[in-house]
Amino acid sequence: MRPTHSTPASEYDDNEIVNLSSNPHMDAILAARLSRRSALRGGVGATTAALLGGLSLSACGGGSDDEAPAKPAEPLRLSFAAVAKTHADQVTVPEGYQVSILHALGDPMHYGDASWKDDGSETAESYERRIGDGHDGMYYFGLSDAGTFDASRSDRGLLCVNHEYVVAPYGLHASGRVVTAGKRSAEQVDKEIYAHGASVVEVRRKAGSMDMEMVRGSRYNRRIHSATPMDIGGPAAGHAKLVNKLSPDGKQAFGMNNNCACGYTPWGTYLTCEENYLNVIGRAAGDDAQRSASEIVALKRYGLPENRKNPYLWDTPDGEQYQRWNSKVSGASAADDHRNSFNTFGWVVEIDPFRPDSKPVKRTALGRFNHEGAWPAPAKAGEPIVIYSGDDARNEYVYKFVSDARWDPKDIDGGAAAGAKYLDKGTLYVARFNNDGSGEWLELTHGKHGIDAGNALYPFADQGDVVMHCRLAADFRGATKMDRPEWGGVNPLNGEVYMTMTNNSQRDGSKVPLDAANPRKGNANGHIIRWREEGGQAGTRFQWDVYLFGARVDEKQSQNLSGLTDVNDFSSPDGLYFDQRSSGGGLLWIQTDDGAYTDVTNCMMLAAIPGRVGDGGKTTTKEGQATIMGAKASDATVRRFLVGPFDCEITGVVVTPDGKTLFFNVQHPGEDADKADFAAGSFTSHWPGNQPGITSGHKGHKRPRSATVVVTRKDGGTIAI
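How each quantity is defined
- Residues numbered from 1 in each chain as written.
- Predicted model: local features only at pLDDT ≥ 70, side-chain atom pairs only at ≥ 80, totals over all residues.
- Heavy atoms only, no water.
- Helix = DSSP H or I, 4+ residues; strand = E, 2+ residues; numbered from the N terminus.
- Rg over C-alpha atoms; globule rule 2.2 N^0.38 Å.
- Buried < 20%, exposed > 50% of the residue type's maximum accessible area, 1.4 Å probe, protein only.
- Contact = heavy atoms within 4.5 Å.
- Areas by Shrake-Rupley, 256 points an atom, 1.4 Å probe, with all protein chains shown as cover.
- Lys, Arg positive; Asp, Glu negative; His and termini not counted.
- Charge placed at Lys NZ, Arg CZ, Asp CG, Glu CD.
- Phe/Tyr/Trp six-rings, centres within 6.5 Å; stacked < 30°, edge-to-face > 60°.
- Lys NZ or Arg CZ within 6 Å of the ring centre and 35° of its normal.
- Pairing = 2+ DSSP bridges.
- Axes fitted to C-alpha atoms, helices over the stretch in contact; angles between N-to-C directions.
- Salt bridge = Lys/Arg side-chain N within 4 Å of Asp/Glu carboxyl O.
- Polar contact = N/O pair within 3.5 Å; in protein donor to acceptor, adjacent residues only side chain to side chain.
- Parallel < 35°, antiparallel > 145°, perpendicular 65-115°, else oblique.
- Nonpolar A, V, L, I, M, F, W, Y, C, P; charged D, E, K, R; others polar.

**Student:** Is there a simple way to think about the overall build of the protein chain in this case?
**Tutor:** A count of helical and extended segments in the protein chain gives 8 helices and 32 strands. The C-alpha radius of gyration of the protein chain comes to 24 Å, within 12% of the 27 Å expected for a compact globule of 721 residues. C-alpha atoms of the protein chain, sized along the principal axes, occupy 70 × 65 × 55 Å. When each of the 721 residues of the protein chain is scored for burial, the buried share is 64%. Of the contacts formed within the protein chain by residues at least 6 apart in sequence, a portion of 69% connects residues at least 24 apart. With the model as given, the accessible surface of the protein chain reaches about 23,100 Å², and the carbon-plus-sulfur share is 50%. Computed over 78 positive and 91 negative side-chain charges, the inter-centroid distance for the protein chain is 2 Å.

**Student:** Where do I start with the environment of Ala335 in this structure?
**Tutor:** On the secondary structure map, Ala335 appears in the loop between helix H5 (293-301) and strand E11 (348-351). Classification of Ala335 by relative accessible area gives partly exposed; the value is 28%. Measuring from C-alpha to C-alpha, the distance between Ala335 and Leu242 comes to 9.4 Å, with 93 residues separating the pair along the chain. Setting aside its immediate chain neighbours within four residues, Ala335 contacts Val243, Asn244, Lys245 and Pro248.

**Student:** Any chance you could explain the packing of aromatic side chains here in plain terms?
**Tutor:** Describing an aromatic ring pair means giving the distance of the ring centres and the angle of the ring planes. Counted according to the given criterion, the structure contains 32 aromatic pairs. Geometrically, the ring pair formed by Tyr97 and Phe641 is edge-to-face, given 5.3 Å between the ring centres and 85° between the ring planes. Note that Tyr97 is positioned in strand E1 (residues 97-104) and Phe641 in strand E29 (residues 638-643), a separation of 544 residues in sequence. Ring geometry for Tyr312 versus Trp314: centroids 5.5 Å apart, planes at 55°, classification tilted. Geometry around Tyr302 places Arg471 over its ring, the cationic atom sitting 5.0 Å from the centre. For Arg705, the ring lying beneath its charged end belongs to Trp116, and the centroid distance is 3.7 Å.

**Student:** Help me understand the sheet that holds E1, please; the structure alone is not making it clear to me.
**Tutor:** One open sheet accounts for 4 strands, arranged E1-E32-E31-E30; its pairing is antiparallel. Looking at strand neighbours, the two that pair on one side only are E1 and strand E30 (649-655), the edges of this open sheet. Here the average twist between neighbouring strands, direction ignored, is 25°. Relative to strand E32 (residues 707-713), strand E31 (residues 662-667) runs antiparallel, the two sharing 5 bridges. Bridging from a neighbouring strand, Val666 pairs with Ala707 of E32.

**Student:** What is the right way to look at the pattern of salt bridges in this model?
**Tutor:** Side chains that carry opposite charge are capable of pairing whenever their charged atoms lie near each other. Applying the stated criterion across every chain yields a total of 49 salt bridges. Note that Arg301 and Asp475 form a salt bridge whose closest N and O atoms lie 2.7 Å from each other. Residue Arg301 is found in helix H5, and its partner Asp475 is found in helix H8 (residues 470-477); the two are separated by 174 residues along the sequence. Taken as a pair, Arg301 and Asp475 share a single burial class, namely buried.

**Student:** What exactly am I supposed to notice about the pairing of strand E22 (residues 527-534) here?
**Tutor:** Moving residue by residue along a regular strand, the side chains alternate between the two faces of the sheet. With 7 of 8 residues buried, E22 is to be regarded as a mostly interior element. Sheet topology note: the strand E21 (residues 497-501)/E22 ladder contains 5 bridges and is antiparallel. From the neighbouring strand, Met501 faces E22, where its bridge partner is His527. Where E22 and strand E23 (residues 541-549) come together, 8 bridges link them in antiparallel fashion. From the neighbouring strand, Ile528 faces E23, where its bridge partner is Leu548. A loop of 6 residues connects E22 with E23, the two strands running antiparallel in sequence, and Gly535 in this loop sits at a positive phi of about 80°.

**Student:** Hey, could you run me through the pairing of strand E2 (residues 135-142) in this one?
**Tutor:** Of all 8 residues in E2, 8 are buried; the element is thus mostly enclosed. Across 6 bridges, the pairing between E2 and strand E3 (residues 156-163) is antiparallel. When the sheet's bridge partners are listed, Tyr139 is paired in E3 with Cys160.

**Student:** How do you make sense of the side chain of Lys400 when you look at a structure like this?
**Tutor:** Position of Lys400 relative to the elements: it lies in strand E16 (residues 398-406). Here Lys400 falls in the buried class, since its relative accessible area comes to 0%. Only 3.1 Å separates the side chain of Lys400 from the side chain of Glu533, close enough to count as a polar contact. Here Lys400 is in contact with Val386, Ile387, Tyr388, Thr427, Leu428, Tyr429, Trp441, Glu533, Gln537, Ala538 and Gly539, once residues within four sequence places are set aside.

**Student:** Would you mind showing me how to read H5 here?
**Tutor:** The periodicity of an α-helix, 3.6 residues per turn, causes residues three or four places apart in sequence to face the same way. Considered for burial, the residues of H5 that qualify are Ile296, Ala298, Leu299 and Arg301. Turning to H5, the residues buried within the fold contact strand E15 (394-396) and H8. Gly303 sits one or two residues past H5 and shows a positive phi near 85°.

**Student:** What exactly am I supposed to notice about the sheet that holds strand E26 (residues 604-608) here?
**Tutor:** Strand pairing in a sheet takes place through backbone hydrogen bonds and is either antiparallel or parallel in direction. One open sheet holds the 4 strands; their spatial order is E24-E25-E26-E29, and the pairing between them is antiparallel. Both edges of this open sheet fall to strand E24 (573-578) and E29, since each of them pairs with a single strand only. Going from strand to strand, the sheet's axes swing by 25° on average, the running direction of each strand aside. In terms of strand pairing, E26 meets E29 through 5 bridges, oriented antiparallel. Across the sheet, residue Met605 finds its bridge partner in E29, namely Leu642.

**Student:** Where do I start with the packing of H5 against H8 in this structure?
**Tutor:** The description of two packed helices rests on the angle between their axes and on the distance between the axes. Running from amino to carboxyl end, H5 crosses H8 at an angle of 90°, the nearest separation of the two axes being 9 Å. One finds that H5 runs roughly perpendicular with respect to H8. Touching Val297, Ala298 and Arg301 of H5 are Arg471, Leu472 and Asp475, all from H8. For the contact of H5 with H8, the class distribution of residues is 3 nonpolar, no polar and 3 charged.

**Student:** Looking at this structure, I do not really get unusual backbone geometry. What am I missing?
**Tutor:** Peptide bonds are, in most cases, trans, and in most cases residues other than glycine have a negative phi. The omega torsion across Trp687 and Pro688 is 10°, close enough to zero to call that bond cis. Of note, Pro688 is situated in the loop between E31 and E32. Positive phi, normally seen in glycine, also occurs at Ala181, with a value near 55°. Relative to the elements of secondary structure, Ala181 occurs in the loop between E3 and helix H4 (186-195). Owing to a relative accessible area of 78%, Ala181 belongs among the exposed residues under this scheme. In this model, Asp647 sits at a positive phi of 65°, which is unusual for a non-glycine residue. Secondary-structure assignment places Asp647 in the loop between E29 and E30. With relative accessibility at 22%, the residue Asp647 sits in the partly exposed group.

Structure follows, in structure tokens:
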């Protein structure tokens, strides 16, 4: 996700590199040995590769090259005409498709609260029951008549949606964000606190249609926000570095922040992930003098040096409840102040949508960093649960968690108890991508490989300390610095893992060297990397290539290595989702959050037939960096499905099991605060109030607001294929 606003040096800025480690880049790890394997792979096209989802892993270096492939799956074929690039202030979909608005910022989830008034007059308190701001990652869970998880149900479900952050904010406040003498009002801050987090709403299909509507007043509808009490599970629970004034035992957290992407579990719970939580945390000047040397190392590595202002200024209103948003030493002990509050953010949070009274749990075994999401591999009985994550910051890492417990389908609908079983104990790994197309998962376990109290980089006291400061453990192990790892997903057809590298303007080729997995200088347009695990999903070695390189067709910023054309060129891939539909699963959705192509088009979503690792071959960038890339794109394999309204990001996508209803999110339309005129009701976007064809209560509103959109085919058919 892009920064919420420009900040002075004393404030948080996610463009800043906080990874100053000297761990080697890939070009220093192994000499490039692009071998016979690349040549053998080069003749397999992407469309053909889609038929080979069951191809033996040995064909990519694990065994005999002569082993026969498994029976091919039914091929996927895109069935829509590509949408043209556009600056229209609306969602533009292919011919034969239609859109509706499920819910938008401020919509009431229950009866008793008035509809959104388009003037920012709603009370802060009411946002505990209204849809939040900054719609982002989401997931659909089928809901049975008995109120339990039904993975096959498409006409009724629970939709969990993240609310990442407040932008200007246009919808929340009557005249926008107000700062007087460096301070915010309690009313504005409270409203923003409640507008963050996530929403759970019941959704049902409208009679005679594939369209969906929110069930207002459902007992399942609830908000989880930046003040919601939560438990802490896993190795960091009760840790001394989580002790604070609100939780003297270090076993509770209060709220979750800047929740970006997400994940889900096979037992039917939602995994929501805290990303740019530094947006809401500050630290006082002179605080280093109150800290130990190791604390200073950890705080700086996580982007919170002393005198770092809270960008949202949530710590400025009068009252004790606002002091927790500044992690300064002010009391006699950690239990007397909020010095450790910072450490309670940056985790994966598990929410049980089927039990409205259940308490969310921060699952610390999955590590603490700028979590973009938590993407599970398909669960297999008798095998561990495997979850992939990206740390969304420049030069940060890709992680994998492997549970100790083996999956038992009897745990479906097991709620938090199943979460504790599978997510609180396991092994955390970080990825190293070697220049020859191989890769390794480096274990981050206390007492192994020098990760212990004697470590010269940082003294790790125990496993709780390791997961809390896994960036430092990853630095020490020599993980590969990546170009902002964002969303990921696992192809259900063959288990291959994809992850977007959205961009990295600071990869200059010298201070931040090029390597095979991040081979373009400046990388303004990003790329998508993918890998196939060796020895099963929980294995510790893999083979990788670059699936697609983002680029403009005019090559103004980055070299168009993947041969993109007007029907499929894109920039800054961000959201990514593998379709899980019961028939035709494996379709890949790619979304953009871009600033490098917005002179030509608004952000977009594409549909793709993904192919497989090794369907391309070796290449060299214009900077002379050798790399390994997948098959070039074509109109048959990658196609633009929709374009969003002006100044927005397209994010969050999920499809119902029958493939006939697609949900996606439009975040921060009209985000240019410098051009906003609240008195005149003039903004750079007026979406969704101006979306053609909508007949809901959203029609005609002037203020732009984030919203969840429903896409269906007019003939009721399956989406995209």
